[in-house]
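# Coordinate inspection notes
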Amino acid sequence: QIDETLATPNLTNLAGRCLLCVAVVGAQFYLAATREPEAPRRIQARFVGAGAVAAGVSCAAWVAAPIHSEELLDLAAGPRHPASVVYAVTIYLYLAWFLIDLWRYARRSFQSAREQDPPAAAAIALIGASTWAGLVVLLIWTVHTTFTQLSGHRSAQLDSLAGSIFPLPLTLFACGVLALP
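In what follows, the accompanying structure is described.

Scoring rules and cut-offs
Residues numbered from 1 in each chain as written. Predicted model: local features only at pLDDT ≥ 70, side-chain atom pairs only at ≥ 80, totals over all residues. Heavy atoms only, no water. Helix = DSSP H or I, 4+ residues; strand = E, 2+ residues; numbered from the N terminus. Buried < 20%, exposed > 50% of the residue type's maximum accessible area, 1.4 Å probe, protein only. Contact = heavy atoms within 4.5 Å. Core = buried A, V, L, I, M, F, W, Y, C linked by side-chain atoms within 4.5 Å. Axes fitted to C-alpha atoms, helices over the stretch in contact; angles between N-to-C directions. Parallel < 35°, antiparallel > 145°, perpendicular 65-115°, else oblique. Left-handed = near helix turned anticlockwise from the far one by under 90°. Nonpolar A, V, L, I, M, F, W, Y, C, P; charged D, E, K, R; others polar.

### Re the side chain of glutamine 28
- When you line up the elements, glutamine 28 lands in helix 2 (residues 11–35).
- Owing to a relative accessible area of 0%, glutamine 28 belongs among the buried residues under this scheme.
- Here glutamine 28 is in contact with Phe47, Tyr94, Trp97, Phe98 and Asp101, once residues within four sequence places are set aside.

### Details of the nonpolar core
- Membership of the largest hydrophobic core comes to 17 residues, with the highest contact counts inside it found for Cys21, Ile91, Tyr94, Leu99 and Leu138.
- Those elements giving two or more residues to this core turn out to be helix 2, helix 3 (41–64), helix 4 (82–116) and helix 5 (118–151).
- Counting residues in each nonpolar core, the second largest holds 10 residues, with Trp62, Leu72, Leu75 and Ala88 among its members.

### Let's talk about the packing of helix 3 against helix 4
- Packing of helix 3 against helix 4 leaves a shortest axis separation of 7 Å and a crossing angle of 165°. Accordingly, the angle class assigned to the pair helix 3 and helix 4 is roughly antiparallel. Along this stretch, helix 3 crosses helix 4, giving a crossing that reads as left-handed. Residue-level inspection shows Arg46, Phe47, Ala50, Gly51, Ala54, Val57, Ser58, Ala61, Trp62 and Ala64 of helix 3 in contact with helix 4, the latter providing Ala83, Val86, Tyr87, Thr90, Tyr94, Trp97 and Asp101.
- Counted by class, the contact of helix 3 with helix 4 contains 12 nonpolar, three polar and two charged residues.

Shown next, in the form of structure tokens:
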């Protein structure tokens, strides 16, 4: 309804992406603090910088993309334009970077918990597996969006594959978090 009220289609999509960047930065701060209670400022600056770049690129691409005439449920099927590809794919790449960081955290945590706390190690392994499954989904969405935008032909198989796999990383992550002692 915000889009309708402001007569600006896809504005809530942009706002959601920017808020997701803020949430990722917050999650990275939390993970860094669990590794080192006094996380160095350079690490925090890297997280804020990456989130700001992802949000900034998304905002610039959103302004440049011809996606303001109607609400688009699937950005891949939107008007073909380089800015549309950049807008759609930027968040996938940013989230992939975060998932790789989360996987590194899970790997380190698993190695330290393996001997001392096997149940925690199993929960952490589920979280680590969720990152890989999430990376697969993001990769498929990136390929689907890029292919559809560049070729003009919708790849229903890729979209369907990503949609059917999408619950897997969420389920693995939720099980891992809920299983933590």
